[in-house]
Amino acid sequence: MAQEYIQFGCGLCAPPTWRNFDAGPAFWLEKNLPFLKQALVRKGFPDYPANIEYGDVISGLPVEEKSAQAVYCSHVLEHLALNEFRVTLSHVFSYLKPGGVFRLVVPDLEHYAKLYLASDRADAAITFMREAHLGEPHKDRGLGDKARSLFGRSQHLTMWDFKGMAAELEQAGFVRIRRAACKDAEDPRFLDVEDPGRWNNCLGVECFRPS
């Protein structure tokens, strides 16, 4: 069985050395209604690379069990509700071969909390919520607001610090859980997907399926 490198929630980062999945509604439209692609791009929607596959990791990706050498996601897990997050971890675990590695990066709740606690500004709480993408600054209930809800998960539904993330990963069966820094993986293939700008002031974690 060939060893695969799986990235989900890839956005526009789709190196040919990885098998890249995305489940965004805008990507679904471009993939399934290609005649709309140019119009969507003119409206500001992303121009997705052709090698991206549609795949929702919550429902399960079309990936064979124990086939992946590595799985990667960047700024995806914070957009999932807790039950969706736990289902996703179970799927990732199943895709990895024994000894396979999972690396992830999410916003760091501890970083935002420290900034909030250090601030004496009257709007510190509002700033914390805005920078952590929590809550909603306004609700107009119009068509624009409904369209934004339909075309993506921009808000953060869960936030993580290392101890909380490590506990969830351990519960899912992962071992050798550690804080990770951008581009510190032993496998050089991660150099193709890890963007330093998406790791700045964020929580990176590396873990493994037991051998």
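Structure: see above.
Since this is a predicted model, take the numbers as computed values, not measurements.

K.L.:
Lay out the pattern of salt bridges with the relevant residues and their values.
P.N.:
Evaluated as defined, the whole model comprises 12 salt bridges. Where Glu-4 meets Arg-19, a salt bridge forms, and the shortest distance between an N and an O atom there is 3.2 Å. Here Arg-19 lies in strand β2 (residues 19-22) and Glu-4 lies in strand β1 (residues 4-8), a separation of 15 residues in the sequence. Note that Lys-114 is salt-bridged to Glu-110, the shortest N-O span being 3.4 Å. Taken together, the residues span about one helical turn, with Lys-114 and Glu-110 both in helix α4 (residues 109-118) at a distance of four residues. Here Lys-114 falls in the exposed class, since its relative accessible area comes to 53%. You can call Glu-110 partly exposed: its relative accessible area is 34%. Members of the salt-bridge network, linked through shared partners, are Arg-103, Arg-178, Asp-184, Glu-194 and Glu-206.

K.L.:
Lay out helix α3 (residues 82-95) in plain terms, naming residues and giving numbers.
P.N.:
Taking 1.5 Å per residue as the helical rise, α3 with its 14 residues ought to reach 20 Å, and the 20 Å between its terminal C-alpha atoms agrees with that figure. Those residues of α3 lying buried are Glu-84, Phe-85, Thr-88, Leu-89, His-91, Val-92, Phe-93, Ser-94 and Tyr-95. On its buried face, α3 sits against β1, β4 (68-74), β5 (96-107) and α7 (162-172).

K.L.:
Would you mind going over the side chain of Glu-168 in detail, with residue names and values included?
P.N.:
Checked against the element boundaries, Glu-168 lands in helix α7. Leaving out residues up to four positions away in the same chain, Glu-168 has contacts with Leu-82, Phe-85, Arg-86, Leu-89 and Trp-160.

K.L.:
Quick rundown of the sheet that holds β5? Include the residues and the values.
P.N.:
Remark on secondary structure: sheet strands pair via backbone hydrogen bonds, oriented parallel or antiparallel. An order of β3-β2-β1-β4-β5-β7-β6 is seen for the seven strands of this open sheet, with the pairing classed as mixed. Each end of this open sheet is capped by a strand with a single partner; those strands are β3 (53-54) and β6 (175-180). Its contacts with the sheet place α3 against β1, β4 and β5, and it is angled at close to 145° to β5.

K.L.:
Lay out the packing of α3 against α7 in plain terms, naming residues and giving numbers.
P.N.:
Between two packed helices, the angle of one axis relative to the other and the distance separating the axes together describe the packing. Two elements in contact, α3 and α7, have axes whose closest approach is 9 Å; the angle formed by their N-to-C orientations is 50°. Considered as vectors, α3 and α7 are oriented oblique to each other. Once α3 is placed against α7, the crossing between them reads as right-handed. Between α3 and α7, the residues in contact are Leu-82, Phe-85, Arg-86, Leu-89 and Phe-93 and Met-165, Glu-168, Leu-169 and Ala-172, respectively.

Cut-offs used in this document
Residues numbered from 1 in each chain as written. Predicted model: local features only at pLDDT ≥ 70, side-chain atom pairs only at ≥ 80, totals over all residues. Heavy atoms only, no water. Salt bridge = Lys/Arg side-chain N within 4 Å of Asp/Glu carboxyl O. Helix = DSSP H or I, 4+ residues; strand = E, 2+ residues; numbered from the N terminus. Buried < 20%, exposed > 50% of the residue type's maximum accessible area, 1.4 Å probe, protein only. Expected span 1.5 Å × (residues − 1). Contact = heavy atoms within 4.5 Å. Pairing = 2+ DSSP bridges. Axes fitted to C-alpha atoms, helices over the stretch in contact; angles between N-to-C directions. Parallel < 35°, antiparallel > 145°, perpendicular 65-115°, else oblique. Left-handed = near helix turned anticlockwise from the far one by under 90°.

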